[in-house]
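Architecture at a glance
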Amino acid sequence: MSQPIRFVGNDDEASLEEVSQNVLVAPFDRVLDSLDGIYNWGRKNSIWPVQFGLACCAIEMICMAASRFDIDRFGAGLFRATPRQADLMIVSGTVTKKMVPNIVRLYNQMPEPRYVLSMGACATGGGPFKEGYNVVSGIDRFIPVDVYVAGCPPTPQALLNGLVELQKLIDSQKIRENRWYQKDYRGEIPVPVLGPDLLDQRRFDELKKISAAQLAALKAAAAAPAGAAATPSAAAAAPAAGAPPAKAPKRTPEELAALKAANAARRQATMVDVRKPEDTESKS
Ligand code: SF4
């Protein structure tokens, strides 16, 4: 025989006890904090790396994904062939200037939350090719890096260790503080333009001014010897055909200082750090 339905008042001690045991009444912030654990547990155990490699380090990355090391046990074995379905970029190999625009473009195409792992000496600081004309000295000058893995090349075990560090980082994040939920967060990074060197799109006006100043200085320098050669004494001093070329006139200290300043400005204007302060702040 079924029990009759019993109505109780709000002041009934039994009903209050039952409510306190079965209903969570808490401020919204506390609810979000308790959700962090579930949210982060899901994300850290289902990392999807984007499938691309740059140089020899990529071979070690492929080894790590193979059966001997079994990245699948960390839930990160599903390398995606498109950045739009990936949340981890492993920069594995030497980063050349030619590749930087493509790497930044891939990064921009990844949805948030996204992470970057810099694998090996080359990706982190240029490695043995640091002084090369075509190599950048670290991918973190262009995109924010979350985890660095040392070595040339790092072993698959080292890369797995980097992955575990990334999992710890994900586990420590909070929904309320995550950068991609902030109102003013703009994750897109301007793609550098490959010209004579890498140029920062945001500094085109400045670059134009520097180029115009350099052009004017070159024109002035070209005009000066022509005027000097027109004088009879200069024509007389001109070397005969076959004679060794005359030494360039010695520059005054002021001219040398101006030349150094122009070169420094040119260096500053090219290969610039395209990260914004807000991008770097998010680095843990
Ligand atoms: S760090 Fe060493 S192994 Fe890795 S890409 Fe550079 S040279 Fe190759």
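See the structure above.
So, a few notes on the structure that sits alongside this text. Residue indices begin from 1 for each chain and proceed along its sequence in written order. Per-residue local features are limited, in this predicted model, to residues with pLDDT of at least 70; the limit for side-chain atom pairs, both in listing and counting, is 80 or more; totals at the level of whole chains, interfaces and linings are taken over all residues. The side-chain numbers reported here are obtained from all heavy atoms of the structure, hydrogens and water having been left aside.

**Considerations on the pattern of salt bridges**
- Salt-bridge detection follows one rule: a side-chain nitrogen of Lys or Arg within 4 Å of a carboxyl oxygen of Asp or Glu. This structure, assessed with the given rule, holds 4 salt bridges.
- Arg114 is paired through a salt bridge with Glu112; the nearest N and O atoms lie 3.2 Å apart.
- Each residue's exposure class comes from its accessible area (1.4 Å probe, protein chains only) as a fraction of the maximum for that residue type: buried when under 20%, exposed when over 50%, partly exposed otherwise. Owing to a relative accessible area of 4%, Arg114 belongs among the buried residues under this scheme.
- With a closest N to O distance of 3.3 Å, Glu165 and Lys168 form a salt bridge. You can see Glu165 and its partner Lys168 sitting in helix 6 (residues 156–171), 3 residues apart, about one turn around the helix.
- Judged by relative accessible area, which is 35%, Glu165 ranks as partly exposed.
- One network of salt bridges, with partners in common, ties together Glu112, Arg114 and Arg179. Secondary structure elements are defined from DSSP: runs of H or I of at least 4 residues count as helices, runs of E of at least 2 residues count as strands, and each element is numbered from the N terminus.

**A few points about the side chain of Asp87**
- Take Asp87: it is sitting in the loop between helix 3 (57–65) and strand 1 (88–92).
- Of the side chains bearing the opposite charge, Arg43 lies closest to the buried Asp87, which forms no salt bridge; the N-O distance is 6.5 Å.
- Under the rule applied, a polar contact is a pair of N or O atoms within 3.5 Å (in protein, one hydrogen donor and one hydrogen acceptor; residues adjacent in sequence only if both atoms are side-chain atoms). Only 2.8 Å separates the side chain of Asp87 from the backbone nitrogen of Trp48, close enough to count as a polar contact.
- Every residue pair with non-hydrogen atoms within 4.5 Å of one another is taken to be in contact. Excluding its chain neighbours within four sequence positions, the residues that come into contact with Asp87 are Ser46, Ile47, Trp48, Met110, Pro113, Arg114 and Tyr115. Just so you know, the count uses Lys and Arg for positive and Asp and Glu for negative, and it drops His and the chain ends.

**Looking at the packing of helix 3 against helix 6**
- One can describe the packing of helix 3 onto helix 6 by two numbers: an axis separation of 9 Å at closest approach and a directional angle of 75°. Here helix 6 runs roughly perpendicular to helix 3, going by the angle between their axes. Of the residues in helix 6, those in contact with Glu60, Met61, Cys63 and Met64 of helix 3 are Pro156, Leu159 and Leu160.
- Three categories are distinguished: nonpolar for Ala, Val, Leu, Ile, Met, Phe, Trp, Tyr, Cys and Pro, charged for Asp, Glu, Lys and Arg, and polar for the others, with Gly belonging to the last. When grouped by side-chain class, the residues that make up the contact of helix 3 with helix 6 number 6 nonpolar, no polar and 1 charged. Here an axis means a line fitted to C-alpha atoms, over the contact stretch when the element is a helix, while the angle between two N-to-C directions is reported on a 0 to 180 degree scale. For this classification, under 35 degrees means roughly parallel, over 145 means roughly antiparallel, 65 to 115 means roughly perpendicular, and everything else is oblique.

**Some words on the nonpolar core**
- Membership of the largest hydrophobic core comes to 23 residues, with the highest contact counts inside it found for Leu88, Leu117, Leu159, Leu163 and Leu166.
- Taken together, the elements giving at least two residues each to this core come down to helix 3, strand 1, strand 2 (115–119), strand 3 (147–149) and helix 6.
- With 6 residues, the single largest contributor to this core is helix 6.
- The contact partners of Leu159, leaving out residues within four places of it in the chain, are Met61, Met64, Ile90, Leu117, Met119 and Val149. Put simply, a nonpolar core is a bunch of buried Ala, Val, Leu, Ile, Met, Phe, Trp, Tyr and Cys residues held in one set by side-chain atoms that sit within 4.5 Å of each other.

**Details of the site of the ligand**
- All residues adjacent to the ligand are Ala55, Cys56, Cys57, Gly93, Thr94, Ala121, Cys122, Pro128, Phe129, Gly151, Cys152 and Pro153.
- Taken together, the residues of the shell around the ligand break down into 9 nonpolar, 3 polar and no charged. Being near a molecule or strand, for a residue, means having at least one of its heavy atoms within 4 Å of it.

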